[in-house]
Each structure stands twice: as structure tokens, then as C-alpha cells.
Amino acid sequence: VVLAAVSNDSGALKHASTELKDDIEVVLAAVSKSGDALQLASSRLKADIEVVLAAVSHYGFAIYHASPELQEDREVIKVASYNLSWYYARPGNN
């Protein structure tokens, strides 16, 4: 039920239990819908490269919710930077 909920609305993750916020399948579904959902994930998953890359590929600003180590990871920075440059290239976002 939670997996279906976060697949439709990533904000549903905020109502999930601590255990579900640490479930990679649930969190991947949420960050694939909205990368900003990474802020609701467990610390362990904020340090998981697969989860963080999924988040920053949809929302570059999600890098700020990743673990400090992954905030310095070249691949994470590259993907986040690409999405941030796209964001700032749009009119009205400067």
C-alpha cells in the first residue's frame, strides 16, 4: 500500500514508518517521482549511491539531502549539476 502511495505522491513518504523510510524499494519509488523526497529517507539511504543518483537525476537540489560523502561524489555532482544547469537555463529561474 505504501509503495503504491509513494509511487503516486512522493510526499506520502513523510507519513511512512521509520522502517519504510529505510526500505530501498519504497524510497526509490518516492525519489523517482520527486527527488526532493530524499530528505525524508533514512540516513542509510541518503548514503546509498543508487538512491541519491535517482533523486538528483530528477531534482538536482536533492544533492543537499545526500550524505556528506555523496555530496562530494563526482558522479553525483555531475548528475546534479546537469539538472541544476537545466533548471537555471529556464526563463524565470535565475
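Residues numbered from 1 in each chain as written. Predicted model: local features only at pLDDT ≥ 70, side-chain atom pairs only at ≥ 80, totals over all residues. Heavy atoms only, no water.

**Q** So, the side chain of Asp48: which residues are in play, and what are the values?
**A** Tracing the chain through its elements places Asp48 in the loop between helix H3 (43-46) and helix H4 (49-58). For the buried residue Asp48, which engages in no salt bridge, the nearest side chain bearing the opposite charge is Arg44, 5.3 Å off. A distance of 2.9 Å separates the side chain of Asp48 from the backbone nitrogen of Glu50, its partner in a polar contact. (Helix = DSSP H or I, 4+ residues; strand = E, 2+ residues; numbered from the N terminus. Buried < 20%, exposed > 50% of the residue type's maximum accessible area, 1.4 Å probe, protein only. Lys, Arg positive; Asp, Glu negative; His and termini not counted. Salt bridge = Lys/Arg side-chain N within 4 Å of Asp/Glu carboxyl O. Polar contact = N/O pair within 3.5 Å; in protein donor to acceptor, adjacent residues only side chain to side chain.)

**Q** Outline the side chain of Asn83, supporting the account with residue identities and numerical values.
**A** Structurally, Asn83 can be placed in helix H6 (residues 74-89). Within the structure, Asn83 has its side chain in polar contact with the backbone oxygen of Val79 (distance 3.0 Å). Ignoring anything within four residues of it in the chain, the contact list for Asn83 reads Val56, Ser57 and Gly60. (Contact = heavy atoms within 4.5 Å.)

**Q** With reference to specific residues and values, describe helix H2 (residues 24-33).
**A** Looking only at H2, the buried set comprises Val26, Val27, Leu28, Ala29, Ala30 and Val31. Packed against the buried residues of H2 are helix H1 (2-8), H3 and H4. Of the residues flanking the start of H2, the one acting as N-cap is Asp23, its side-chain oxygen 2.9 Å from the backbone nitrogen of Glu25.

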